[in-house]
Amino acid sequence: MRKIYKTLTVLFVLLFSISTVNAKTLTERLADGHKLRLGFGTAVPWAYAGDNGEALGFVNMIALTVLEEMGITEHETKVFEWSGLIPGLNADRSDMITGGMYILKSRCANIDFSDPIGVFGDAMLVPKGNPQGIYNYKDVIRTGAKLVTGAGFNTVEAAKKYGVPESQMLLVEGEVGILAAMKAGRADVAVQTWFGGKEHEEKTNGQFEVTDPSKMPKETMNVVGIGFRKGDDKFREAFNAALAKVMGSPKMMERAGKYGYTKAQLLTDPSMTTEWACSTK
């Protein structure tokens, strides 16, 4: 009986210790020596891992520049499928989402976002020459084309909003799945970020091309932020303060520019805030 009591006591202490650690905020955990973990998927050129697991892509470059401004120079990388980024963050498998997420109302219900790091538009990826003349969701419906996009992408909600029936939609895992579906002929057209589409255009040596984002509905323009667990307000506020200092700076633009980020992505409309996106997108 005494042995059972001692075992239960040890288990109780262990469980109490684990829940105490999980209850700590990111700021407190970093102060305890916890190494910051960046969570992202494989979405070139937004965010992806190098051969040695290093964080690459323009969103990671922006995030790392901000963290350095905060005095944080060490980090780990955690690579997820796109649909696992938010669950992974909330399950304490990462500390920040640097995958290049659009700030959407549905996502704001589950995580908090930094101030925007830029404004971006979506586009269609079509076969060279765009034989069916598809530039937007109306064209997808008109032609009856099979549309592929990533599970968990903002484009799933957008396609449904503009009337694309589920029978015309194919959902796959991330950018890699999108290109695979197009190359295999399982889909006629893909919808993704303009950056992602340009990457696929280059990878296939012109087999596919990207349409003009301005021919998409204006409402599809979105702002991107860095994701944080709810409750990590102190760290997120410090991150925002450092972001304000480095946003658009020569250092940030040089590092992010290597991956295609330009001044065209810098936010110029002060009304397009995180709060605005969380309430309207």
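Residues numbered from 1 in each chain as written. Predicted model: local features only at pLDDT ≥ 70, side-chain atom pairs only at ≥ 80, totals over all residues. Heavy atoms only, no water.

Draft legend 1. Broad picture of the state of the cysteines. All chains considered together, the criterion is met by 1 disulfide. Each sulfur of the disulfide joining Cys-108 and Cys-278 lies 2.0 Å from the other. When the S-S torsion is -70°, as for the bridge of Cys-108 with Cys-278, the disulfide is left-handed. Placement of the pair is Cys-108 in helix H5 (residues 105-108) and Cys-278 in helix H12 (residues 274-280), with a sequence separation of 170 residues. Cys-278 sits in the partly exposed class, given a relative accessible area of 23%. (Disulfide = S-S within 2.5 Å. Helix = DSSP H or I, 4+ residues; strand = E, 2+ residues; numbered from the N terminus. Buried < 20%, exposed > 50% of the residue type's maximum accessible area, 1.4 Å probe, protein only.)

Draft legend 2. Here's a closer look at helix H11 (residues 250-257). Along H11, the positions that sit buried rather than exposed are Met-252, Met-253, Arg-255 and Ala-256. The inward-facing, buried residues of H11 contact helix H3 (58-69) and helix H10 (233-246). (Contact = heavy atoms within 4.5 Å.)

Draft legend 3. Main features of empty space enclosed by the protein. Applying the stated criterion across every chain yields a total of 1 cavity of 30 Å³ or more. Volume-wise, the largest cavity comes out at about 140 Å³. Along the walls of the largest cavity sit 15 residues, with Trp-82, Gly-100, Phe-153, Glu-175 and Thr-193 positioned nearest its centre. Contributions of two or more residues to the lining of the largest cavity are made by strand E5 (96-102), helix H7 (154-161) and strand E11 (189-193). For the lining of the largest cavity, the leading source of residues is E5, giving 4 residues. (1 Å grid on protein atoms, 1.4 Å probe; cavity = no way out; pocket = protein on both sides within 12 Å on 5 of 7 lines; lining within 4 Å. Points joined across faces, edges and corners; volume = space filled by probe spheres on them.)

Draft legend 4. Focus on the packing of aromatic side chains. Evaluated as defined, the whole model comprises 15 aromatic pairs. Their ring planes at 80° and their centres at 5.8 Å tell us that Trp-46 and Phe-195 sit as a pair that is edge-to-face. With a gap of 149 residues between them, Trp-46 in the loop between strand E1 (36-40) and strand E2 (48-49) and Phe-195 in helix H9 (residues 194-203) connect regions that are remote in the sequence. Under the relative-accessibility criterion, Phe-195 is labelled buried at 9%. Ring pairs connect the aromatic residues Trp-46, Phe-58, Tyr-102, Phe-120, Trp-194, Phe-195 and Tyr-261, which therefore count as one cluster. (Phe/Tyr/Trp six-rings, centres within 6.5 Å; stacked < 30°, edge-to-face > 60°.)

Draft legend 5. Molecular detail of the sheet that holds strand E9 (residues 147-150). Reading across from one edge, E10-E9-E11-E8-E12 is the order of the 5 strands in this open sheet, with mixed pairing throughout. For this open sheet the edge positions go to strand E10 (169-172) and strand E12 (208-210), each flanked by a neighbour on one side alone. The sheet shows a mean angle of 30° between the axes of neighbouring strands, taken without regard to direction. Of the strand pairs in this sheet, E9 and E10 are connected by 4 bridges, and their pairing is parallel. Bridge pairing in E10 places Leu-147 opposite Met-169. Contacting strand E8 (122-127), E9, E10, E11 and E12, helix H8 (residues 174-183) runs over the sheet at an angle of about 160° to E11. Along the sheet face, H9 touches E8, E11 and E12 and points at about 125° away from the line of E11. (Pairing = 2+ DSSP bridges. Axes fitted to C-alpha atoms, helices over the stretch in contact; angles between N-to-C directions.)

Draft legend 6. Looking closely at H3. Over its 12 residues, H3 runs 17 Å from end to end, which matches the ideal 16 Å to within 8%, given 1.5 Å per residue. Most of H3 sits inside the fold, with 10 of its 12 residues counted as buried. Every buried residue belonging to H3 is among Phe-58, Val-59, Asn-60, Met-61, Ile-62, Ala-63, Leu-64, Thr-65, Val-66 and Leu-67, and all of these are buried. At the exit of H3 stands Gly-71, carrying a positive phi of roughly 90°. (Expected span 1.5 Å × (residues − 1).)

Draft legend 7. Up close: the layout of surface pockets. Within this model, the largest pocket holds a volume of roughly 230 Å³. Every residue lining the largest pocket is listed: Leu-104, Asn-154, Glu-157, Ala-158, Lys-161, Tyr-162, Glu-219, Thr-220, Asn-222, Thr-280 and Lys-281. The element that contributes the greatest number of residues to the lining of the largest pocket is H7, accounting for 4 residues. By residue class, the composition of the lining of the largest pocket is 3 nonpolar, 4 polar and 4 charged. (Nonpolar A, V, L, I, M, F, W, Y, C, P; charged D, E, K, R; others polar.)

Draft legend 8. Broad picture of the pairing of E8. Judged by how many residues are buried, E8 sits mostly within the fold: 5 of 6 residues are covered. Across 4 bridges, E8 lies against E11 in antiparallel orientation. Note that in E11 the partner of Asp-122 across the bridge is Thr-193. The pairing of E8 with E12 spans 3 bridges and is classified as antiparallel. The residue bridging Val-126 from the neighbouring strand is Glu-209, located in E12.

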